[in-house]
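# Structural overview
Next come the chains, spelled out residue by residue.
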Amino acid sequence: MKDSVKDGAPLGIVVVGASGDLASRKIIPALFALYCQGLLPEQFNVFGMARTSFTHEAFRAHIAENLTCRYAPGESCADRTAEFLARCYYSAGQYGSADAYLDLYGIMRSIEGQGSVNRVYYMAVPPGVFLDVARALGDAGLIACDPRREWSRIVIEKPFGRDRATSDDLVREMHKVFTEESTYRIDHYLGKEIVQNLMVLRFANLVFEPLWNREFVESVRITWKEPFGVGQRGGYFDGYGIIRDVMQNHLLQILALLAMDRPTRFDANAVRDAKVRLLRAIPPVGLDDVVTAQYTAGAGKPGYTQEPTVPAESLTPTYAASVLRIENDRWRGVPFFVEAGKGLDAGLSEVRLRFRRPPGELFGNAAGPIEANELVIRVQPDEAIEMRIMNKVPGLKMALQPTPLNLRYQAAFNAQIPDAYECLLLDMLRGDRSLFIRADELEAAWDIFTPVLHALEANRTRPETYPLGSHGPKAADRLAAQCGLQR
Ligand code: BG6
């Protein structure tokens, strides 16, 4: 059951790392969007905390730069912005210092008064300080102990560790301060509209489910491309690489929703149980099933190892392709070709299910080949669901052609598509954990990639190369070909 938010108790949202990019580009604008739609409680305040020294006013000016009035257009925009900013406060301090949070608490209380207040602690900080922050919050006594009176929730965003062991450590240590029930682990792809639609598409339409298996599906391809390099994020990225940054989380989550069995109910635990069962049916990826690569200079831009924040001798992959297998009765033998890369020729996330070809050539050679049907689910840009089906080309002769049945979100739904963070923050405030990663899901996801990550690192595997702006390394074409796919 979802808690009501609007009529709920007063709320204090603490954004730790509030001076940083994630906070000012994503989290605070998402809170503003919820505020403009009347989805925050009457009494709420936002408290920013970071090491940078800001007055409340300077903090407000800093975050105002990214507030947009999508939900409060026209004249009300300035009013809503001013009302929202007036509820934003700031306190500077060291992340690991309990005293810093006691100072913050002093500010919170001077604004909120003494009644009970629900609290969110959003960790918009580098992963290396997650634990310091959690422990300091605990030492400062800021975590509510009796959720019947008031709750404290922590929101934490990937990367959760670097492999299975470090992820387990993080989970265990964080649990000393926050229970699993009060921990909201974000994978922001789960907040994307079309990713949420995957379950509806599969389980609210009779036509797909009977075909959703090895009998009818030949291969599944999940593609994630970004057209730019790591830029200023090289320092973070170099410690993780593309498999940890995108594949082990965003793409595996999409794959899990795409391939899992029907959950017994539409609730947080049943959906996550179904995902965990699916993830556990995927054996660890072997070295032969992976291609890694790194972008070199191209399109007038520097190569990865020439980026100012990246070590010149780095072996960190910016591209990876891998073939995953699912060892269950539904999918055994169907290759899932998953690829992710930065500095490629386009910005795109999409899923392609290729069905098997119908037997025989009923229409003869002159009509042209019958091509396999393909279902394309485009996550971004321009959200769409497309089914490529064979048709007769109009005219006096028999000629076949694949043509798309096309559902484009913009045209089909005359609605604003919310940002992923708006959706996730609202769910978190409602206490709905369906779209957040449970600890056992995290374990299962790490088990798939940990051995290959360790092997690549132990062997000091030199990644293949591809020029920035190209379609990626040739070796990935060969891996795709093994799955009967052309990249
Ligand atoms: C983040 C990754 O999780 O997702 C980034 O760390 C990546 O490397 C980003 O750029 C992409 O998110 P989106 O929503 O822009 O596709």
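That block above? That's the structure.
Owing to the predicted nature of the structure, the values given are computational and were not obtained by experimental measurement.

## Quick notes on the overall build of the protein
- A count of helices and strands for the protein gives 14 helices and 15 strands.
- For the protein, the C-alpha radius of gyration of 24 Å lies close to 23 Å, the compact-globule estimate for 487 residues.
- Counting every position in the protein, which comprises 487 residues, the buried fraction comes to 54%.
- Partitioning the contacts of the protein with sequence separation of at least 6, the portion at a separation of at least 24 is 77%.
- Split by element, the accessible area of the protein, about 21,300 Å² in all, is 52% carbon and sulfur.

## Examining the sheet that holds strand β7 (residues 217-225)
- One open sheet accounts for nine strands, arranged β14-β13-β12-β11-β7-β10-β9-β8-β15; its pairing is mixed. Edge positions in the sheet fall to β14 (400-408) and β15 (464-467), since each of these pairs with one other strand and no more. Looking at each pair of strands side by side, their axes are set apart by 20° on average, direction ignored.
- With five bridges connecting them, strand β12 (residues 374-380) and strand β13 (residues 384-392) associate as antiparallel partners. Across the sheet, Leu-375 pairs through a bridge with Met-387, a residue of β13.
- Across the sheet, helix α7 (residues 193-203) lies against β12 and β13, angled at about 145° from β12, the strand it touches most.
- The strands that helix α9 (residues 241-259) touches are β7, β8 (290-296), β9 (319-324), β10 (336-341), β11 (348-355) and β12; relative to β10, the one it contacts most, it runs at about 145°.

## Section: the packing of aromatic side chains
- Considering all chains together, one arrives at 18 aromatic pairs under this definition.
- Look at Phe-59 and Tyr-90: their rings are 5.0 Å apart centre to centre, the planes differ by 35°, and that puts the pair in the tilted class. Separated by 31 residues along the polypeptide, Phe-59 in helix α2 (residues 56-64) and Tyr-90 in strand β3 (residues 88-92) bring together distant segments of the chain. As far as the burial class goes, Phe-59 and Tyr-90 line up, both buried.
- A centroid spacing of 5.1 Å and a plane angle of 75° characterise the contact between Tyr-409 and Phe-413, whose relative ring orientation is edge-to-face.
- Classification of Tyr-409 as buried rests on a relative accessible area of 5%.
- We classify Phe-413 as partly exposed; its relative accessible area is 41%.
- Put simply, the rings of Phe-237, Tyr-295, Tyr-304, Tyr-319 and Tyr-466 pair up and form one aromatic cluster.
- Sitting over the face of the ring of Tyr-89, Arg-60 holds its NZ or CZ atom 5.2 Å from the ring centroid.
- A cation over an aromatic ring shows up here: Arg-153 above the ring of Trp-151, its NZ or CZ 3.6 Å from the ring centre.

## A word on the pattern of salt bridges
- Applying the stated criterion across every chain yields a total of 40 salt bridges.
- A salt bridge links Glu-180 to Arg-433, with the shortest nitrogen-to-oxygen separation between them at 3.9 Å. With Glu-180 in the loop between α6 (164-175) and β6 (183-186) and Arg-433 in the loop between α12 (420-430) and α13 (439-458), this residue pair connects regions lying 253 residues apart in the sequence.
- Owing to a relative accessible area of 14%, Glu-180 belongs among the buried residues under this scheme.

## With respect to the state of the cysteines
- Taken as a whole and judged by the stated rule, the model has one disulfide.
- With its sulfur 2.0 Å from that of its partner, Cys-69 forms a disulfide with Cys-77. The sign of the 75° torsion about the S-S bond sets the Cys-69-Cys-77 disulfide as right-handed.
- Taking the relative accessible area as the measure of exposure, Cys-69 reaches 17% and is therefore buried.
- Free cysteine: Cys-88, not disulfide-bonded; nearest cysteine sulfur from Cys-36 at 12 Å.
- Note on Cys-423: no disulfide assigned, nearest cysteine sulfur contributed by Cys-36 at a separation of 17 Å.
- A residue is classified by how much of its surface remains accessible, and Cys-423, at 16% relative accessible area, is buried.

## Some points on the side chain of Arg-433
- A residue is classified by how much of its surface remains accessible, and Arg-433, at 12% relative accessible area, is buried.
- At a separation of 3.0 Å, a polar atom in the side chain of Arg-433 contacts the main-chain carbonyl oxygen of Glu-180.
- Among residues more than four places away in sequence, those in contact with Arg-433 are Glu-180, Glu-181, Thr-183, Tyr-184, Ala-268 and Arg-272.

## Observations concerning the environment of Arg-135
- Assignment of secondary structure puts Arg-135 in helix α5 (residues 130-139).
- When its relative accessible area of 36% is taken as the criterion, Arg-135 is described as partly exposed.
- Sequence separation between Arg-135 and Gly-368 is 233 residues, and the spatial gap between their C-alpha atoms is 66 Å.
- If near-sequence neighbours (up to four positions away) are discounted, Arg-135 is found in contact with Glu-173 and Val-177.

## Overview of the nonpolar core
- Among the nonpolar cores identified, the biggest contains 156 residues, and Phe-84, Tyr-101, Leu-255, Leu-324 and Phe-449 are the most heavily contacted of them.
- Of the residues forming this core, the biggest block, 12 residues, is contributed by α9.
- Apart from the residues lying within four places of it in its own chain, the contact partners of Leu-324 are Leu-252, Leu-255, Ile-282, Val-285, Val-334, Pro-335, Phe-336, Val-338, Ile-448 and Phe-449.

## A look at the site of the ligand
- Taken together, Lys-158, His-188, Tyr-189, Lys-192, Trp-224, Glu-226, Arg-233, Asp-245, His-250, Lys-342 and Gln-380 make up all the residues around the ligand.
- At 2.7 Å from an oxygen atom of the ligand is found a side-chain nitrogen or oxygen belonging to His-188.
- Lys-192 is positioned with one of its side-chain polar atoms (N or O) 2.7 Å from an oxygen atom of the ligand.
- Within the complex, 77% of the 400 Å² of free accessible area of the ligand lies under protein.

## Some thoughts on the sheet that holds strand β5 (residues 152-157)
- Overall, parallel pairing links the six strands, which are arranged β3-β2-β1-β4-β5-β6 in an open sheet. The open sheet has two free edges, formed respectively by β3 and β6, since each of these has just one partner strand. Averaged over all pairs of adjacent strands, the angle between strand axes in this sheet comes to 20°, irrespective of strand direction.
- Here six bridges tie strand β1 (residues 11-16) to strand β4 (residues 118-123), and the two strands are oriented parallel to one another.

Criteria and thresholds
Per chain, residue numbering runs from 1 following the sequence as it is written. Given that this is a predicted model, residues contribute local features only at a pLDDT of at least 70 and side-chain atom pairs are listed and counted only at 80 or more, while totals for whole chains, interfaces and linings are drawn from all residues. Hydrogens and waters are ignored; side-chain quantities use all the structure's heavy atoms. Only runs of H or I of at least four residues qualify as helices and only runs of E of at least two qualify as strands under DSSP, and these elements are numbered from the N terminus. Here the globule rule reads 2.2 Å times residues to the power 0.38, and the radius of gyration is calculated from C-alpha atoms. Each residue is assigned to one of three classes by its accessible area relative to the maximum for its type, calculated with a 1.4 Å probe on protein chains only: buried under 20%, partly exposed between the two thresholds, exposed over 50%. It only takes one pair of heavy atoms within 4.5 Å for two residues to be counted as in contact. In these tables, accessible area is a Shrake-Rupley quantity obtained with a 1.4 Å probe, and a residue counts as shielded only by the protein chains included in the view. Pairing between strands requires that DSSP locate at least two bridges from one strand to the other. Axis geometry follows a simple rule: fit a line to the C-alpha atoms, using only the stretch in contact for helices, then measure angles between N-to-C directions, giving values from 0 to 180 degrees. Only Phe, Tyr and Trp rings take part, Trp by its six-membered ring, and two of them pair if their centres are within 6.5 Å. Stacked means planes under 30 degrees apart, edge-to-face means over 60, and tilted covers everything else. Only when the NZ atom of a Lys or the CZ atom of an Arg is both within 6 Å of the ring centre and within 35 degrees of the ring normal do we say a charge sits over the ring. Each reported salt bridge corresponds to a side-chain nitrogen of Lys or Arg within 4 Å of a carboxyl oxygen of Asp or Glu. Two cysteine sulfur atoms form a disulfide, by the criterion used here, when they sit within 2.5 Å. Pairs of N or O atoms within 3.5 Å make up the polar contacts considered here, provided that, within protein, one atom can donate a hydrogen while the other can accept it, and that residues adjacent in sequence are counted only when both atoms are side-chain atoms. The nonpolar core is taken to be a set of buried Ala, Val, Leu, Ile, Met, Phe, Trp, Tyr and Cys residues, with the residues joined through side-chain atoms within 4.5 Å. Put simply, a residue is near a molecule or strand once any heavy atom of it comes within 4 Å of that molecule or strand.

Function cannot be read off these values alone, since they describe shape.
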